[in-house]
Amino acid sequence: MSINPFNEKAPKLEKCYENWKQLYQKAYDKNAVDPYTKVRIILASGAEFEAVWYSHQFSRHCDNNDLRRELAAVRRSEQQQQKKLASLKPLDENLLEVTISYEQVAVDLTVNLALLENDKYVKAALDFALLEDFDHLYRFADLLEMEQGAKGELLVGGYTEIMPGRPTISEHRHPFDDIRRHINMKTASLATKLNTMIITAAEQQTMNYYMNLGTFYTSDLGRKLFTEIAMIEEQHVSHYGSLLDVNSTWLECLLMHEYNECYLYYSLMQDETNENVRKVFEQCFLQELAHLNKARQLLNKYENKDYDAVVGEGTFPELLAFDKYAERNKQYVRDVLAKTIKNTSLLEDYTKVESLPEEYEFFKYNTQVNKMPTYVASHNVIGSYIGEFGEDYRFETAPHPVKELRDRTTDNTEIGR
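Throughout this description, residue numbers start from 1 for each chain and increase along the sequence as written. Only residues with pLDDT of 70 or above have their local features reported here, since the model is predicted, and side-chain atom pairs are shown and tallied only from 80 upward, although totals for entire chains, interfaces and linings are computed over all residues. As a convention, hydrogens and water are excluded, and side-chain values are obtained from all of the structure's heavy atoms.

S.K.: Sorry, what's going on with the overall build of the protein chain here?
M.R.: Each helix is a run of DSSP H or I of at least 4 residues and each strand a run of E of at least 2, with the numbering of both proceeding from the N terminus. For the protein chain, the count of helices and strands is 14 helices and two strands. This radius of gyration counts C-alpha atoms alone. The globule rule is 2.2 Å times how many residues there are, raised to the power 0.38. Relative to the globule expectation of 22 Å for 417 residues, the C-alpha radius of gyration of the protein chain, 21 Å, shows essentially globular dimensions. Note on classification: 1.4 Å probe, protein chains only; a residue is buried when its accessible area is under 20% of the maximum for its type, exposed when over 50%, partly exposed between these limits. When burial is assessed residue by residue, the protein chain has 59% of its 417 residues classed as buried. Of the contacts formed within the protein chain by residues at least 6 apart in sequence, a portion of 84% connects residues at least 24 apart. Computed with the Shrake-Rupley method and a 1.4 Å probe, the accessible areas treat only the protein chains shown as cover for residues. Working note: accessible area of the protein chain is about 17600 Å², and carbon and sulfur atoms make up 52% of it. Neither His nor the chain ends contribute to the count of charged residues, in which Lys and Arg are positive and Asp and Glu negative. For charged residues, the charge sits on one atom: NZ in Lys, CZ in Arg, CG in Asp, CD in Glu. Between the mean site of the 48 positive side-chain charges and the mean site of the 66 negative ones, the protein chain shows a separation of 4 Å. Any two residues whose heavy atoms approach within 4.5 Å at even a single point are treated as in contact.

S.K.: Mind showing me how you'd approach the environment of lysine 15 here?
M.R.: By the secondary structure assignment, lysine 15 is in the segment before helix 1 (20–23). Overall, the relative accessible area of 69% leaves lysine 15 in the exposed class. Taking the C-alpha atoms as reference points, lysine 15 and leucine 298, 283 residues apart in sequence, are found 19 Å from one another.

S.K.: For this particular structure, what's the right way to read the packing of aromatic side chains?
M.R.: Both the distance between ring centres and the angle between the ring planes are used here to describe each pair of aromatic rings. Whether two aromatic rings pair depends on their centres lying within 6.5 Å, for rings of Phe, Tyr and Trp, where Trp uses its six-membered ring; planes under 30 degrees apart make the pair stacked, over 60 edge-to-face, and the rest tilted. Taken as a whole and assessed by the stated rule, the structure comprises 23 aromatic pairs. Note on tyrosine 36 and tyrosine 159: the rings are 4.2 Å apart at their centroids and 5° apart in plane angle, and the pair reads as stacked. Placement of tyrosine 36 in helix 2 (residues 35–60) and of tyrosine 159 in the loop between helix 6 (152–155) and helix 7 (190–213) is noted, with a sequence separation of 123 residues between them. Taken individually, tyrosine 36 and tyrosine 159 each receive the classification buried, so the pair is uniform in this respect. One aromatic cluster in this structure is built from Phe6, Tyr259, Tyr263, Tyr266, Phe285, Tyr307 and Phe316.

S.K.: Help me understand the environment of glutamate 361 in this model?
M.R.: Position of glutamate 361 relative to the elements: it lies in helix 13 (residues 361–370). The class for glutamate 361 is partly exposed, based on a relative accessible area of 33%. Between the C-alpha atom of glutamate 361 and that of proline 175, which follows or precedes it by 186 residues, the distance is 9.3 Å.

S.K.: Would you take a moment to explain the pairing of strand 2 (residues 349–352) for this structure?
M.R.: Two faces belong to every sheet, and in a regular strand the side chains alternate between them. Only strands that DSSP links by at least two bridges are regarded as paired with each other. The sheet contact formed by strand 1 (residues 343–346) and strand 2 spans four bridges and is antiparallel. Each bridged residue has a counterpart across the sheet, and for asparagine 343 the counterpart in strand 2 is lysine 352.

S.K.: Hey, could you run me through empty space enclosed by the protein in this one?
M.R.: Empty space among the atoms can be located by rolling a probe the size of a water molecule over them. Buried and open spaces are told apart on a 1 Å grid over the protein atoms alone, a cavity being a set of points where a 1.4 Å probe fits but cannot get out and a pocket being an open set with protein on both sides within 12 Å along at least five of seven lines. Residues with an atom within 4 Å of a point are the lining residues. Grid points are joined across faces, edges and corners, and a volume is the space filled by probe spheres set on the points. Inspection of every chain in the model, using the stated rule, returns four cavities of 30 Å³ or more. Ser55, Leu71, Val74, Leu254 and Glu258 are the residues nearest the centre of the largest cavity, which is lined by 13 residues in total. At the level of secondary structure, the elements contributing two or more residues to the lining of the largest cavity comprise helix 2, helix 3 (65–86), helix 9 (250–271) and helix 10 (275–303). In terms of residue class, the lining of the largest cavity is built from seven nonpolar, two polar and four charged. Note on residue classes: Ala, Val, Leu, Ile, Met, Phe, Trp, Tyr, Cys and Pro are nonpolar, Asp, Glu, Lys and Arg are charged, and everything else, Gly too, is polar.

S.K.: I'm lost on the pattern of salt bridges in this one. Help?
M.R.: Close approach of charged atoms allows side chains with opposite charge to pair. Any carboxyl oxygen of Asp or Glu that lies within 4 Å of a side-chain nitrogen of Lys or Arg is treated as forming a salt bridge with it. Taken as a whole and assessed by the stated rule, the structure comprises 29 salt bridges. Taking the shortest distance from any N to any O, the salt bridge between lysine 186 and glutamate 252 comes out at 3.5 Å. Of this pair, lysine 186 sits in the loop between helix 6 and helix 7 while glutamate 252 sits in helix 9, and the two are 66 residues apart along the sequence. Overall, lysine 186 belongs to the exposed group, its relative accessible area being 59%. A relative accessible area of 5% means that glutamate 252 is categorised as buried.

S.K.: Would you explain the packing of helix 2 against helix 3 in this entry?
M.R.: When two helices pack together, their arrangement is captured by the angle between the axes and the distance separating the axes. For helices, the fitted line uses only the C-alpha atoms of the stretch in contact; every axis is such a line through C-alpha atoms, and the angle between N-to-C directions lies from 0 to 180 degrees. Here helix 2 crosses helix 3 at 160°, and the two axes come no closer than 9 Å. Considered as vectors, helix 2 and helix 3 are oriented roughly antiparallel to each other. Along this stretch, helix 2 crosses helix 3, giving a crossing that reads as left-handed. Note on element contacts: helix 3 touches helix 2 through Leu67, Arg68, Leu71, Arg75, Glu78, Gln79, Gln81, Gln82 and Leu85, opposite Ile41, Ala44, Ser45, Glu48, Ala51, Val52, Ser55, His56, Phe58 and Ser59. Here the residues of the contact of helix 2 with helix 3 are counted per class, giving eight nonpolar, seven polar and four charged. Any angle that falls under 35 degrees is termed roughly parallel, while one over 145 is termed roughly antiparallel, one within 65 to 115 roughly perpendicular, and all others oblique. Each crossing is labelled by how the near helix is turned from the far one, with a counterclockwise turn of less than a right angle marking it left-handed and a clockwise turn marking it right-handed.

S.K.: Looking at this structure, I do not really get helix 4 (residues 95–116). What am I missing?
M.R.: Along an α-helix, residues three or four positions apart point the same way, because every turn accommodates 3.6 residues. For a helix, the expected span equals 1.5 Å multiplied by the residue count minus one. Here helix 4 contains 22 residues, and its C-alpha end-to-end distance of 31 Å stays within 8% of the 32 Å for a straight helix at 1.5 Å per residue. Judged by how many residues are buried, helix 4 sits mostly within the fold: 21 of 22 residues are covered. The residue sitting at the N-terminus of helix 4 and contributing the capping side-chain oxygen is asparagine 94; that oxygen lies 3.1 Å from the backbone nitrogen of leucine 96. Throughout this description, a polar contact denotes any pair of N or O atoms lying within 3.5 Å of each other; where both atoms belong to protein, one of them has to be capable of donating a hydrogen while the other can accept it, and for residues adjacent in sequence the pair is counted only when both atoms sit in side chains.

S.K.: For this particular structure, what's the right way to read helix 9?
M.R.: The end-to-end C-alpha distance of helix 9, which contains 22 residues, comes to 31 Å, matching closely the 32 Å that a straight helix rising 1.5 Å per residue would cover. Among the 22 residues that make up helix 9, 20 are buried, leaving the element largely enclosed by the rest of the structure.

S.K.: Which parts of the structure should I look at to understand unusual backbone geometry?
M.R.: A negative phi holds for most residues other than glycine; trans holds for most peptide bonds. Its identity is not glycine, yet asparagine 304 carries a phi of approximately 55°, on the positive side. When you line up the elements, asparagine 304 lands in the loop between helix 10 and helix 11 (308–311). You will see that leucine 347, though not glycine, has its phi angle at about 50°, which is positive. With respect to the secondary-structure elements, leucine 347 resides in the loop between strand 1 and strand 2.

S.K.: What exactly am I supposed to notice about the side chain of glutamate 93 here?
M.R.: Mapped onto the elements, glutamate 93 comes out in the loop between helix 3 and helix 4. Apart from residues lying up to four places away in sequence, glutamate 93 is in contact with Tyr28, Lys30, Lys38 and Val98.

S.K.: I'm lost on the state of the cysteines in this one. Help?
M.R.: Simply put, disulfide is the name for a covalent bond between the sulfur atoms of two cysteines. For the purposes of this analysis, a disulfide is any pair of cysteine sulfur atoms at a distance within 2.5 Å. Summed over the entire model, instances satisfying the criterion amount to zero disulfides. Cysteine 62 takes part in no disulfide bond, and the closest cysteine sulfur to it belongs to cysteine 253, at a distance of 14 Å. Judged by its relative accessible area of 12%, cysteine 62 falls in the buried class. Between cysteine 284, a cysteine without a disulfide, and cysteine 16, which holds the nearest cysteine sulfur, the sulfur-to-sulfur distance is 9.9 Å.

Structure representation (structure tokens):
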């Protein structure tokens, strides 16, 4: 059931601030919780960070202290929401276990958004990075099983397959090739506006996690893998972030951020199976209604516009849903693998790697950073696993859709590069 958040009763912003007891929630049981509960929490956390970071940037580019005080008031509540979400993670869930959930977010969220997307260019961007995050899940899962003896398939609950995607060694592109054409907020569908914001926030959350926590991992090989994949996540943030409209005003974007959070929390609370976590999402949704109401007031006060100038009529488009579509998601990934595994980027567009000119920047940059495959962590993780166990670790429901990636006794470092 969809709603228009502008028609919902919003609490006053001052009523949204919570005490320390309210902020520190009961953590989920990592051995019993549905994997998609963890996915939803990570997604919501990413949206909160994006909202807070945007608000800080707005404040740093604004010379009106009355407006900056209003931004600070909303931002304080957003920060409290982020801390509440963070408290749901249990003490006994380690860095690499959480990483598997981060990559499951990247895969299954991207599929969900791609299937909701009606803009072919945005959908192509989602499909392109999907295969890269899918490969990251495979690399981290092999590291997890090799060093901790834990099966990634159990952590993802069988919802998401674990097998090679576009090899990470093939993903290192020249920065020029990570910039896309931006959408137009005046003509884009509401779903496209939301999708581009959601995926940017999710990838940014992953980039920050790997960038800040990767060096706390307990082995050199793991630290190197986090370093390498954190660089790809930076590329993905550039890739997705460049899709966002650049012509909207700061206040229009503020309203869009708050609307996006309302949409996310409403989707997540409808989809959530853990009662305690569902209540947290519901509380956050109500608070976001207050934030949205404040953004609407500020847009009206300073630009003499109402919300319909940004989101149109305002009713939510089709909601996100994870559990409902798990099997569909697997087949979608397989189809994209079969069709686009050899794709790379050519400025704002995509092409088969063999179609690039011999002297193109992709080859120069990829060779420069990789130098020799034996120095590349993503390759070494699989090579080490195969060396110890004879074949790589996978969770496949059928043979790999790409013939070149079916051999489990070797790591393909050529496809896509």
